[in-house]
Amino acid sequence: MLGSANHDTSVSMPRIPGPGETILATGAASGPGGKGLNQAVAAARSGASTTFVGAVGDDEAGERLRGVLIEEGVRAGLSVSERPTGTAFVMVADDGENAIVVVAGANGDGAAITAEAASALASAGSGDLVLAQLEVPLDAVLSAFRSAKERGATTVLNAAPSRPLSDDQLALVDVLIVNQHECLDLAGAPVEGVGGAAVADAARLLAARVGTVVVTLGSEGALVLSAGEATRIPAFPVTAVDTTAAGDTFCGALVSRLAAGDPLAAAVPFASAAAALCVQRSGAAASAPRLDEIMELLE
Ligand code: ADP
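Heads up: these notes are all about the structure in this document. (Residues numbered from 1 in each chain as written. Predicted model: local features only at pLDDT ≥ 70, side-chain atom pairs only at ≥ 80, totals over all residues. Heavy atoms only, no water.)

Let's talk about the site of the ligand
The following threshold applies: The near set for a molecule or strand comprises every residue that places at least one heavy atom within 4 Å of it. Distance and chemistry together define a polar contact, namely a pair of N or O atoms within 3.5 Å, with one atom able to donate a hydrogen and the other to accept it when in protein, and with adjacent residues in sequence counting only for side-chain atoms on both sides. Helix and strand definitions follow DSSP, with helices as H or I runs of at least four residues and strands as E runs of at least two, each counted in order from the N terminus. Polarity classes work like this: nonpolar for Ala, Val, Leu, Ile, Met, Phe, Trp, Tyr, Cys and Pro, charged for Asp, Glu, Lys and Arg, and polar for all others, with Gly in that last group.
Around the ligand, 16 residues are found, and the nearest of them are Asn 179, Thr 216, Gly 218, Gly 221 and Ala 275. Between the ligand and the protein, one listed contact pairs an oxygen atom with a side-chain N or O atom of Asn 179 at 3.0 Å. Between the ligand and Gly 247, the relevant distance is 3.2 Å, taken from an oxygen atom to a main-chain nitrogen or oxygen of the residue. Sorting the residues of the shell around the ligand by element identifies α8 (246-259) and α9 (264-278) as the ones contributing at least two each. Broken down by element, the shell around the ligand gets its largest block of residues, 3 residues, from α8. For the shell around the ligand, the per-class residue count stands at 9 nonpolar, 7 polar and no charged.

Okay, here's the thing in structure tokens:
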């Protein structure tokens, strides 16, 4: 697992304010976050032996994140950067919607992350999966994927936040996971009308460039394109309280089952169950469910 680790401050409010607007919050809390760390915690909680590679600052927040990884049973390949630990400000509305601003800090230290990834990947081999997102410099991700593929490991990219990727860059990706907005962005399709048909078209374009594409569709579930076939997997009908880290929980849980040897047809429903449990709780990394809870929902 390679990616960002943040100290999150999460604020609850009746709705997300518009530009220039001030509204009163109904609560505030802080805790661990960052797409990379969230996904590592979700993978470990859903049963995978997990190593997290990233960078934090030489500060209290960095120490706290190191402590979280130890508590969660995640092996930490954390480089200590001269930059401060990353921070995110999360606004959560009463209907579960969110808006997030991230200050990258140490997560932008590509050299530190690349060096840490090289040593963590030295022992990787076939059967291992390497999952990354795009909250850390792209070069660090691509260099880790190159070395993972040389060792026969499988690479999984959660292309979030989205940014343009060339065919050569996508060729390093075995499994691509995107939400519907990222799917449209990455495929270069017009973002007008985030309707199902536009997303399905964009997903097909991506599937021509990457072997396996999984598009998460929020409460509508997920769309899987693999070996020329498209399958729709429904979400679990639950009431969302806080959708923060839903996608991260989905990615971590999916990779955990793929690492255990499950086919996509079993791993995607498992990931959907994990994400459905996550959206019923507040917080980022803290809202990832444990294996027994996921199995219970799947029964
Ligand atoms: P992201 O958080 O990256 O935008 P999505 O919103 O697509 O990702 O959510 C990821 C996954 O979380 C979905 O595929 C689904 O399985 C689950 N999920 C999200 N919102 C809900 C919801 N309201 N009810 C049930 N499951 C949900």
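Focus on the packing of α8 against α9
Quick reminder of the rule: Here an axis means a line fitted to C-alpha atoms, over the contact stretch when the element is a helix, while the angle between two N-to-C directions is reported on a 0 to 180 degree scale. Should the near helix be turned anticlockwise from the far one by less than a right angle, the crossing is left-handed, and should it be turned clockwise, the crossing is right-handed. Working rule for contacts: check all heavy atoms of both residues, and any pair within 4.5 Å makes them a contact.
One can describe the packing of α8 onto α9 by two numbers: an axis separation of 8 Å at closest approach and a directional angle of 145°. In this structure, the crossing between α8 and α9 has a hand that is right-handed. Residues Ala 246, Thr 249, Phe 250, Ala 253, Leu 254, Arg 257 and Leu 258 of α8 pack against Leu 264, Ala 267, Val 268, Phe 270, Ala 271, Ser 272, Ala 274, Ala 275 and Cys 278 of α9. Grouping the constituent residues of the contact of α8 with α9 by class yields 13 nonpolar, 2 polar and 1 charged.

Some points on a nonpolar patch on the surface
We apply this condition: Patches here are clusters of residues that have more than 30% relative accessible area and form no salt bridge, with a 9 Å joining cutoff for like charges and a 5 Å cutoff for nonpolar side chains (Val, Leu, Ile, Met, Phe, Trp, Tyr). What sets the accessible areas is the Shrake-Rupley method with a 1.4 Å probe; for residues, cover comes only from the shown protein chains. We count a salt bridge whenever a side-chain nitrogen from Lys or Arg sits within 4 Å of a carboxyl oxygen from Asp or Glu.
Together, Phe 89, Val 101 and Val 103 make up a nonpolar patch on the protein surface, roughly 270 Å² of accessible area in all. Within the secondary structure, Val 101 sits in strand β6 (residues 98-103).

Let's talk about the sheet that holds strand β12 (residues 229-233)
The test is simple: Any two strands with at least two DSSP-identified bridges between them are counted as paired.
Read across the sheet, 6 strands follow the order β7-β8-β9-β10-β11-β12 without closing on themselves; strand pairing throughout is mixed. In the strand order of this sheet, the two ends are held by β7 (129-133) and β12, each with one partner. Strand-to-strand twist in this sheet, taken as the mean axis angle between neighbours without regard to direction, amounts to 15°. Relative to strand β11 (residues 222-226), strand β10 (residues 212-216) runs antiparallel, the two sharing 5 bridges.

Looking at the packing of aromatic side chains
For any pair of aromatic rings, the description rests on two quantities: the centre-to-centre distance and the angle between the ring planes. We apply this condition: For this analysis, a ring pair means two rings from Phe, Tyr or Trp (six-membered ring only for Trp) whose centres lie within 6.5 Å, classed as stacked if their planes differ by under 30 degrees, edge-to-face if by over 60, and tilted for the remaining angles. Cation placement over rings: the criterion is NZ of Lys or CZ of Arg within 6 Å of the ring centroid and within 35° of the ring normal.
Per the counting criterion, the structure on display carries 0 aromatic pairs. We note Arg 257 situated over the ring of Phe 270; from NZ or CZ to the ring centre the distance is 5.2 Å.

What about helix α6 (residues 180-187)?
The condition is simple: Relative accessibility decides the category of a residue: with a 1.4 Å probe and only protein chains considered, values under 20% of the type maximum give buried, values over 50% give exposed, and everything between is partly exposed.
Among all positions of α6, only Glu 182, Cys 183, Leu 184, Leu 186 and Ala 187 are buried. Here the buried face of α6 lies against β8 (154-158), β9 (175-179), α7 (196-207) and β10. The N-cap residue of α6 is Asn 179: its side-chain oxygen and the backbone nitrogen of His 181 are 3.1 Å apart. Phi turns positive one or two residues past the end of α6, at Gly 188, with a value near 75°.

With respect to the sheet that holds strand β5 (residues 86-93)
What links the strands of a sheet is backbone hydrogen bonding, and the strands pair in either a parallel or an antiparallel sense. One open sheet accounts for 4 strands, arranged β2-β1-β5-β6; its pairing is mixed. The sheet is open, and its two edges are formed by β2 (27-33) and β6, each paired on a single side. When strand polarity is set aside, the average angle formed by the axes of neighbouring strands in this sheet is 20°. Against the sheet, helix α2 (residues 60-71) contacts β1 (6-13) and β2, and its axis sits at roughly 90° relative to β1.

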